[in-house]
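A look at the structure
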Amino acid sequence: MTRAFRGGVNNNRKARTPTRIRNWNPIRDLRGLKTRTTDIGREMGPLVDVPAMIRIEDEHWVFERIEEGVLNNLTHRLIIHDSTGQKTIGATLDMDTAMQVAQKMATVENKIVMIRPI
């Protein structure tokens, strides 16, 4: 058995397959993906920082998904200014709720909350 492998395969019996050279041009190949991404980004509008909704129940973190209808109904954004810059702490459905949150943050945590319409 080893003598057969040592002698090799007869040239007439070798399988011949052409080597296929792949010509990959990433700029050309990904151009369609890039244009589609920029078009979708333009349609979506500017990015908006929406914090995740997290609750704690029975010492467990519960992450909630926000429905699209709720996001469309948000009217005011609550922003805190600190040494690192602006930080969005949430958004509300009406001005009354935004005022209540801002007053509570001012009295309890001594922080000023800016209310900005969305």
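Each value, and the rule that gives it
Residues numbered from 1 in each chain as written. Predicted model: local features only at pLDDT ≥ 70, side-chain atom pairs only at ≥ 80, totals over all residues. Heavy atoms only, no water. Helix = DSSP H or I, 4+ residues; strand = E, 2+ residues; numbered from the N terminus. Expected span 1.5 Å × (residues − 1). Buried < 20%, exposed > 50% of the residue type's maximum accessible area, 1.4 Å probe, protein only. Arc of directions from axis to C-beta. Polar contact = N/O pair within 3.5 Å; in protein donor to acceptor, adjacent residues only side chain to side chain. Contact = heavy atoms within 4.5 Å.

Description of helix H5 (residues 95–109)
Each full turn of the α-helix corresponds to 3.6 residues, which orients residues three or four apart in the same direction. Here H5 is 15 residues long and its end C-alpha atoms lie 21 Å apart, about the 21 Å a rise of 1.5 Å per residue gives. Along H5, the residues classified as buried are Ala-98, Ala-102 and Met-105. Projected down its long axis, H5 shows its buried positions confined to an angular sector of 65°, all on one face. Across from the buried face of H5, at angles greater than 90 degrees, the exposed residues are Asp-96, Gln-100, Lys-104, Thr-107 and Val-108.

Points about the side chain of His-76
In this structure, His-76 sits in strand E3 (residues 76–82). Taking relative accessible area as the criterion, His-76 reaches 15% and is therefore assigned buried. At a separation of 2.8 Å, a polar atom in the side chain of His-76 contacts the side chain of Thr-75. Filtering out sequence-adjacent residues up to four positions away, His-76 remains in contact with Gly-90, Ala-91, Thr-92, Asp-94, Met-95, Ala-98, Ile-115, Arg-116, Pro-117 and Ile-118.

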